[in-house]
6 protein chains.
Amino acid sequence: MLHEVKVDKPNPAYAAMLQEQLGGANGELKAGLQYFSQSFRIQDPEIKDLFLDIAAEEFSHAEMVAQTINMLNGHEVSNTNDNIGQIESQVLSGLAPMLANGSGTPFTGNYVNVTGDITADILSDIAAEQRAKVVYEYLYRQIDDQGVRETIDFLLNREEAHNALFRQALNKVQKNKRSSNDDFGVTEDSRLYFDLSTPGKYFDNPFPTPPSFQEPSQKKEPQGQPV
Amino acid sequence: MLHEVKVDKPNPAYAAMLQEQLGGANGELKAGLQYFSQSFRIQDPEIKDLFLDIAAEEFSHAEMVAQTINMLNGHEVSNTNDNIGQIESQVLSGLAPMLANGSGTPFTGNYVNVTGDITADILSDIAAEQRAKVVYEYLYRQIDDQGVRETIDFLLNREEAHNALFRQALNKVQKNKRSSNDDFGVTEDSRLYFDLSTPGKYFDNPFPTPPSFQEPSQKKEPQGQPV
Amino acid sequence: MLHEVKVDKPNPAYAAMLQEQLGGANGELKAGLQYFSQSFRIQDPEIKDLFLDIAAEEFSHAEMVAQTINMLNGHEVSNTNDNIGQIESQVLSGLAPMLANGSGTPFTGNYVNVTGDITADILSDIAAEQRAKVVYEYLYRQIDDQGVRETIDFLLNREEAHNALFRQALNKVQKNKRSSNDDFGVTEDSRLYFDLSTPGKYFDNPFPTPPSFQEPSQKKEPQGQPV
Amino acid sequence: MLHEVKVDKPNPAYAAMLQEQLGGANGELKAGLQYFSQSFRIQDPEIKDLFLDIAAEEFSHAEMVAQTINMLNGHEVSNTNDNIGQIESQVLSGLAPMLANGSGTPFTGNYVNVTGDITADILSDIAAEQRAKVVYEYLYRQIDDQGVRETIDFLLNREEAHNALFRQALNKVQKNKRSSNDDFGVTEDSRLYFDLSTPGKYFDNPFPTPPSFQEPSQKKEPQGQPV
Amino acid sequence: MLHEVKVDKPNPAYAAMLQEQLGGANGELKAGLQYFSQSFRIQDPEIKDLFLDIAAEEFSHAEMVAQTINMLNGHEVSNTNDNIGQIESQVLSGLAPMLANGSGTPFTGNYVNVTGDITADILSDIAAEQRAKVVYEYLYRQIDDQGVRETIDFLLNREEAHNALFRQALNKVQKNKRSSNDDFGVTEDSRLYFDLSTPGKYFDNPFPTPPSFQEPSQKKEPQGQPV
Amino acid sequence: MLHEVKVDKPNPAYAAMLQEQLGGANGELKAGLQYFSQSFRIQDPEIKDLFLDIAAEEFSHAEMVAQTINMLNGHEVSNTNDNIGQIESQVLSGLAPMLANGSGTPFTGNYVNVTGDITADILSDIAAEQRAKVVYEYLYRQIDDQGVRETIDFLLNREEAHNALFRQALNKVQKNKRSSNDDFGVTEDSRLYFDLSTPGKYFDNPFPTPPSFQEPSQKKEPQGQPV
């Protein structure tokens, strides 16, 4: 584990909620498996290495989340009426962390987006990191436990780091001749706006260019320290 | 329907593959339901209208894809050995289009990403449009039928138009004080690179700034015609 | 939307329950997608038009239910112990309506029955409308909010209207020579009763005839007003 | 088993298709479990007994279908290119019948409709029996094996018998004061027709009355023999 | 039913938890369907008969569990805040037992392990019986109702009986020349220990022999009475 | 990766089948995640270390299987009629390995058995390893490619090694006072045999003792070399 985890006290109801980031749609397991699966079709060895670095870190995050859930679950199965969300930990897993989300829906390969196209995959990853950040923000607001808050704060900030790295990767492969960005926006149909709902039409017709992020490093702020 | 569809001749094997864009992970139904679901928490009325316009168009695309599948399925259930992928159309739906993907996995709400956060939602949509484009490219390569190819070409280009519009929307809401971009990259943990896989470390430590796309309209090319 | 919706006050616990009619087994999305999918194989243009009318209305109902859920969810994620059922709205969707049922199980294409046979499809639709009515009755009893009750009352009554229309459609296609009713009940095996459980045998051997509903319009009561 | 099964020769491709009626949406397992689950809330002891008789018979049918699949799968796992649909039997189950449909989607409790309302449940059952008949018709057309055809013919006719019995049961409980038929069609909203699609409006406004089937026994044909 | 069931009083929250053993991963339905499915490829007629005996008993247990849930659910749908886990019984099934687990995840064929290999199947069954026992232990601790406790106690002990019988069956087929035990542990690769985690290596290299249980009947205690 | 993988030539049809051991019910991902999840509740530090060693190795196996699938998928999406099983690689993932089984069903957390009870968990693991071996045997028989066969042979033998290690672990914790083996077989109900199927009763009443494996190391054969 990259970061020690601790909890102030058991809290099975919150453990259920935190399951979201172990086995849920934007959780750590999903993230690690997505980057792992995508890495197989990446040509550029430096990008591939980046994907495997981040995948390995996400699996480590999954371990941190699971360990936190495990401690929050405490030591006695119980059906007290402050349980919320999934109840499987109390009847099935014996308080062990589960591969399911906060409502008990099992983790599914459907969460993982892989296309074999470097541009589409990186855009999926940037979006996934942003969603993961948002879920951690929701979870942070619903707990006072300082140990849990420190762990969430660390994980949330790591998602931002990955987000920035994936954007650098996208800019690096922008000229890739075999990606879905190479032939972007070349026909008339791609430049129309269909106004199909009331009230009106607030956007001009698009002029599609390939997705490209502003360079994060344009900013002048000091760099973080290497690891 | 926004565009007439036709097929040169029935082709049940290809109909199975095309199911991917009706009931699959990057299909039209997923797209329409994603933008529809996201629209409920959008504050800005112009962005909300954009989402509902695109959602309505995606539902129309779903109808086009379904109608194409219906014609490709022909008129007789059969178990000839050139069937590939899902077989449900031959044994369950009586050749009607199905809410399932190319391998017969049922459409699931898991495909739909909604976070209630405008930045995360738009990034998810840009990624979804790029993935949808890629799937259409794969499908295009595997069919000679000119009618089907015209429909795919139209749909692929519309995904590019949506992609560009969503990027404009993201730039429009960039300063939103209640989105996940507002507090992006402020701690030390967000500026580290963990080198966890061999061979090495090819990327500098990140310096996270909020995701922001290059303005598509910087280009000087002529605008498409309004609708 | 066909009918304005309002709620007296936020009620996240009830919002979770109402998810049942957005993303659940008998919900509005299921209904709309079922009639939409079935419509592709319908030969009779009048019946096909009826299916598309009702499908369009169900999608509009889905919007009403989603908007109601959105208002009931209020404005702050919370883990108070009066949450019941699904918890995803608090940890994943940021209080936006979800494509899931009251316990958080994602919407699935498995809910949608399509056979390509006009008789089987209409019987499925009549049953679906009756089940939808029942779910609304259960939901109605568990809420005091007058705004919500008005919406449920409207939706429940619309399901009855659809139910009656589908029965008229079935009687209209009764003589269809290509449907599963055409060769109903012609062998000896279809006229046996196997008594396989205790206590006894309370029904005579069946004499199967094709399913056919009593004509709703036999009644003398005044007709409703056209729209 | 109520009826001996046999096959002329192994046919793994057809075995995959026949899985539809073991583990699919309208299969025998679904039917048996649906009637079993519904039986718990039935008040009328005669109706309850009927449900358990039919449930028991459906489980017996499941055994017949499974045994037929087992024989069709033969004795050697193989990846010859005439496999269609699901491939799990060749790589996972060792040629044993599986709890999955023809495309390999696992059986799910989502197939089972239970509402606790006698009218809605019986209407669901009539629809389910009609769909099961239709699937058997599709399967019958796609096989020449006489042994398999005899089994399908038997099963198809039994679904018709159940269909007729469920209709008798519905008519028997028509006056039930605690069912969803008791308050059917009493408000203005239930008597409107919303014309929401082109081309037009071909149906009059409905006048909803409770669903009620024409009495099957009105016909004068001779009764089958008791069992 | 093999054993009468009763409950002291309704308890919908506990009914939700008990769903785990009706429609959950280690529940009675899973057990019955697993042994039923496995029986088709069993060669030894005595073992096959044993599997069908136990399968029949598990279906009977499923009925006992379902009847207990039905009584615990009481007579009025309600959204009181002591509901925990799944909420579908209150909004969908009208208080009837459901084919879902304690959190509302539908029963799935994925729970059922079938390989067509007698050794692997029996080992799966022994593990399944042990897990079922554990779930019953968790459920037992969370209820004071004496009626429910008696039923759980009976079911838990029956799982132990099945466990022992399956172990006898495994020892009986140990010499089976067509099972996965026949060629167990013959290569060098099967005798290595890879030490891949900190802290250390606490186990010697394995020397694989086929799985084989100590004979339960070595003990001298008196035998139970026949049935 | 612990072992280099290679393939003689691309074979997309076989790649689909091999998906079974990446994303299927007895695949490497399931194994790794199962032991990882179980490890959190293990008290004995030596057993816990063993679980993490084997989990790490299974994740490495998953990488080997994924890399093999990746090479077998070749370089061009195609819909030739020798495709069997899942078709998603050709339409969705762009020939990248997928988190799904051979028929395209997505990986699910339902495959993972965790109970928090050391005895039940180890028995589940022994059964899982035996099933994994069986699947590899089926896959081995259906391919001539020598590169693939070498990889399968290695993986199959490693499952046997794990199997033996888990049995040693079970014998080590046999006296554990907090496991489900501690109170095994103490009531009369656990010593009955219910004869519920024809033809007869071939097994004596059981006398349940806790599951316990014959010591693998009783054999006199030479030990493998340490790593």
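Residues numbered from 1 in each chain as written. Chains lettered and ligands numbered in written order. Predicted model: local features only at pLDDT ≥ 70, side-chain atom pairs only at ≥ 80, totals over all residues. Heavy atoms only, no water.

## Some thoughts on the packing of helix α4 (residues 45-72) of chain B against helix α6 (residues 118-141) of chain B
Residue and element names in this part refer to chain B. At their nearest, the axes of α4 and α6 sit 14 Å apart, and the two run at 25° to each other. Classified by the angle their axes make, α4 and α6 are roughly parallel. In this structure, α4 crosses over α6, and the sense of that crossing is left-handed. Where α4 abuts α6, its residues Ile47, Phe51, Ile54, Glu58 and Val65 lie against Ile118, Ile122, Asp125, Glu129 and Tyr136. (Axes fitted to C-alpha atoms, helices over the stretch in contact; angles between N-to-C directions. Helix = DSSP H or I, 4+ residues; strand = E, 2+ residues; numbered from the N terminus. Parallel < 35°, antiparallel > 145°, perpendicular 65-115°, else oblique. Left-handed = near helix turned anticlockwise from the far one by under 90°. Contact = heavy atoms within 4.5 Å.)

## Some details on the interface of chain C and chain B
Note: interface size is frequently given as the accessible area lost on complex formation between the parts. Residue-level contacts link 30 residues of chain C with 30 residues of chain B. Interface of chain C and chain B: buried area, both sides summed, is about 2400 Å²; carbon and sulfur atoms make up 60% of it. Of all residues in chain C, C:Phe40, C:Arg41 and C:Leu99 bury the most surface against chain B, accounting for 29% of the area lost on that side. Where chain C touches chain B, the interface holds zero salt bridges. The interface formed by chain C and chain B holds 14 residue pairs in polar contact (both at pLDDT 80 or more) in total. Mapped by element, the contributors of at least two residues to the side of chain C that touches chain B are α3 (28-39) and α4 (45-72) of chain C. (Buried area = accessible area lost by both parts, 1.4 Å probe. Salt bridge = Lys/Arg side-chain N within 4 Å of Asp/Glu carboxyl O. Polar contact = N/O pair within 3.5 Å; in protein donor to acceptor, adjacent residues only side chain to side chain.)

## Some points on the UniProt feature "binding site: Mn(2+)" (unreviewed entry) in chain A
Residues and elements named next belong to chain A. Cross-referencing UniProt, the feature "binding site: Mn(2+)" (unreviewed entry) maps to Glu28, Glu58, His61, Glu129 and His162 in the present numbering. Over a stretch of 135 residues, the named residues converge on one spot in the fold, their C-alpha atoms separated by at most 13.1 Å. Here Glu58 lies in helix α4 (residues 45-72). On the basis of relative accessible area, Glu58 is assigned to the buried category, the value being 0%. Sequence-distant contacts of Glu58, that is, excluding residues within four places in its chain, are made with Glu28, Ala31, Gly32, Tyr35, Glu129, Glu159 and His162. Here Glu129 shows up in helix α6 (residues 118-141). Excluding residues within four positions of it along the chain, Glu129 makes contact with Tyr35, Ile54, Glu58, Glu159, His162, Asn163 and Phe166. In terms of polar contacts, Glu129 uses its side chain to reach the side chain of Tyr35, at 2.7 Å. (UniProt positions renumbered as here; feature names shortened; annotations may be inferred. Buried < 20%, exposed > 50% of the residue type's maximum accessible area, 1.4 Å probe, protein only.)

## Topic: the domain arrangement of chain A
Residues and elements named next belong to chain A. The domain architecture assigned to chain A consists of domain 1 (12-180) and domain 2 (185-218). Each of domain 1 and domain 2 has a C-alpha centre, and the two are 31 Å apart. Counting the surface lost from both domain 1 and domain 2, the interface buries some 650 Å², and carbon and sulfur atoms represent 63% of this. Summed over the three residues of domain 1 that lose the most area to domain 2, namely Arg167, Asn171 and Gln174, the buried surface amounts to 60% of that side. Linking domain 1 with domain 2 are one residue pair in polar contact (both at pLDDT 80 or more). Every element with two or more residues in the side of domain 1 that touches domain 2 is listed here: α6 and α7 (146-172). At four residues, α7 tops the list of elements feeding residues into the side of domain 1 that touches domain 2. Tallied by class, residues from the side of domain 1 that touches domain 2 come to three nonpolar, three polar and one charged. (Domains from an automatic or database assignment. Nonpolar A, V, L, I, M, F, W, Y, C, P; charged D, E, K, R; others polar.)

## Details of empty space enclosed by the protein
The computed volume of the largest cavity comes to approximately 530 Å³. Along the wall of the largest cavity there are 29 residues; nearest its centre are B:Asn110, C:Asn110, D:Asn110, E:Asn110 and F:Asn110. The residue makeup of the lining of the largest cavity, split by class, is eleven nonpolar, 18 polar and no charged. (1 Å grid on protein atoms, 1.4 Å probe; cavity = no way out; pocket = protein on both sides within 12 Å on 5 of 7 lines; lining within 4 Å. Points joined across faces, edges and corners; volume = space filled by probe spheres on them.)

## Some words on the pattern of salt bridges
This structure, assessed with the given rule, holds 48 salt bridges over all chains. Across the pair A:Glu57 and A:Arg158 runs a salt bridge, and its minimum N-O distance is 2.6 Å. With a gap of 101 residues between them, A:Glu57 in helix α4 and A:Arg158 in helix α7 connect regions that are remote in the sequence. Each member of the pair, A:Glu57 together with A:Arg158, is buried. Between F:Lys172 and F:Glu46 there is a salt bridge, with its nearest N and O atoms 3.6 Å apart. Pair noted here: F:Lys172 is in helix α7 (residues 146-172) and F:Glu46 is in helix α4 (residues 45-72), with a separation of 126 residues, a long-range link.

## A word on the interface of chain C and chain D
Residue-level contacts link 85 residues of chain C with 85 residues of chain D. Between chain C and chain D, a total of about 7500 Å² is buried, with carbon and sulfur atoms accounting for 57% of that surface. Ranking the residues of chain C by area buried against chain D places C:Phe194, C:Phe203 and C:Phe207 at the top, with a combined share of 10%. Inspection of the chain C/chain D interface yields two salt bridges. Residue D:Asp183 pairs with C:Lys133 through a salt bridge whose shortest N-O separation is 2.8 Å. Linking chain C with chain D are 31 residue pairs in polar contact (both at pLDDT 80 or more), by the criterion used here. Elements supplying a minimum of two residues to the side of chain C that touches chain D: α4, α6 (118-141) and α7 (146-172) of chain C. Its residues assigned to classes, the side of chain C that touches chain D shows 37 nonpolar, 27 polar and 21 charged.

## Things to note about the relation of the copies chain C and chain B
Expressed as a screw operation, the relation of chain C to chain B combines 0.0 Å of axial shift with a rotation of 180°, fitting to an RMSD of 0.0 Å. In symmetry terms, the pair is related by a two-fold rotation axis. Across chain C, the smallest distance between a C-alpha and the rotation axis is recorded for C:Thr108, namely 2.2 Å. A shared interface surface links the copies, since 100% of the contact residues of chain C are contact residues in chain B too. (Least-squares fit on C-alpha atoms with pLDDT ≥ 70 in both.)

## Side note on the packing of helix α3 (residues 28-39) of chain F against α4(F)
Residue and element names in this part refer to chain F. Contact geometry of α3 with α4 gives a least axis separation of 8 Å together with a crossing angle of 160°. It follows from the interaxial angle that α3 and α4 lie roughly antiparallel. Judged by the sense of rotation from one axis to the other, the crossing of α3 with α4 is left-handed. Where α3 abuts α4, its residues Glu28, Leu29, Ala31, Gly32, Leu33, Tyr35, Phe36, Gln38 and Ser39 lie against Lys48, Phe51, Leu52, Ile54, Ala55, Glu58, Phe59, His61, Ala62 and Val65. Looking at the contact of α3 with α4, its residues break down into twelve nonpolar, four polar and three charged.

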